[in-house]
Amino acid sequence: MVETYGRRILFQPPYLQNATDRKGPYSVNMFRQIHKLLSETPYTIIGCLALVLILLVAALDHVTGYEISFSIFFLVPILIAVGYGDRRMGYAASIASACAWMIVEKISALPYSHPWILYWNTGVRLTFFLLFAYLAAHLRANLFRHRQLARTDSLTGLLNRVGFMESAAGMFGTAIQQRNAKTIAFIDLADFKRINDIFGHEQGDAVLAFVAKEVSRSLRRTDVVARYGGDEFAILMPNTNSSGATVLLEKLYDQVLEGLRSSGWPMVGLSIGAIVLDRGDVDLAEALHTADTLMYRAKNKGSTGVIIESVSQRDTGTLLRM
């Protein structure tokens, strides 16, 4: 599932990724837990949290007096607003921080040589806070773009192997916890090498892009599809049992094969191997290996075809279509 520009996925430093899976020093683990908690917090609560932190910093600044400055700590709620909210929330937090600082200064009744100095200092701090929010939002957007590029295949626009594994791991874990059936399938283009040898790699790229488009069009929005490498594609279909997988994959097989023929590539075929996981005791690596093995079985039986097996029925029968 390709992620879109949203606040849940952009602001994630490398040391906070896979927060529940990685081990490390206590302080790092604590920050991971905080990051996970904030990532799951509703948008409005993030705004309220930022406002509460701004008021807390202002109160500390007032209590400690003018000799100890707390202005730099206003950056914390601004960073939270940008990182777990959005750019507009960051700008709002910047304005609120500058106003809170000015109110504290007025209450303290510090002796300025001219009254306008207070407003000048407020303007300087506001400019600094707004600039900080802008740079943080810009960094957030760049992190998102780089992450998308690292997870996306440039030729087909699908997820690449890294992106597929990342998305599948999350969906696979959820499916196991809920004990829902799910299906993993591999697709290999039979005789694809002939396209490159006869017509050149440009036509080969066109075939891959066409197949990627047709496969995506044949599946549901909840399914994850990726170019796994070379001329292989991987699919994860959550909440899909044997009968559902048979219907979806046979439809996909017919649609892609007919499209290839009508587009002038009749020599290219499809080999599909799929494993239906209707038990919760099979991990992702084992499922991928099994689906890959079934794909090669389909390929070896006649270059093209579909083989679908169920984990609970592997000893009793195989759904096979050649």
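From a predicted model like this one, the values you see are computed outputs, not experimental measurements. (Residues numbered from 1 in each chain as written. Predicted model: local features only at pLDDT ≥ 70, side-chain atom pairs only at ≥ 80, totals over all residues. Heavy atoms only, no water.)

Now for the pairing of strand β4 (residues 269–277). Most of β4 sits inside the fold, with nine of its nine residues counted as buried. What you see with β4 is no split at all: G269, S271, G273, I275 and L277 on one side and L270, I272, A274 and V276 on the other are buried throughout. Of the pairings in the sheet, the one linking strand β1 (residues 182–190) to β4 comprises nine bridges and is antiparallel in character. Residue pairing for β4: F186 is matched across the bridge by G273. Where β4 meets strand β5 (residues 305–310), six bridges bridge the pair, whose relative direction is parallel. Bridged to V276 within β5 is S310. (Buried < 20%, exposed > 50% of the residue type's maximum accessible area, 1.4 Å probe, protein only. Helix = DSSP H or I, 4+ residues; strand = E, 2+ residues; numbered from the N terminus. Pairing = 2+ DSSP bridges.)

To continue, consider the packing of helix α5 (residues 87–108) against helix α6 (residues 116–151). Packing of α5 against α6 leaves a shortest axis separation of 9 Å and a crossing angle of 155°. The angle between the axes of α5 and α6 places the two elements in the roughly antiparallel class. Our pair here, α5 against α6, has a crossing hand that is right-handed. Between α5, through R87, G90, Y91, S94, I95, S97, A98, W101, M102, E105 and K106, and α6, the contact on the second element is made entirely by L118, Y119, N121, T122, R125, L126, F129, L130, A133, Y134 and A137. (Axes fitted to C-alpha atoms, helices over the stretch in contact; angles between N-to-C directions. Parallel < 35°, antiparallel > 145°, perpendicular 65-115°, else oblique. Left-handed = near helix turned anticlockwise from the far one by under 90°. Contact = heavy atoms within 4.5 Å.)

Such coordinate-based values are descriptive only and should not be taken to indicate function.
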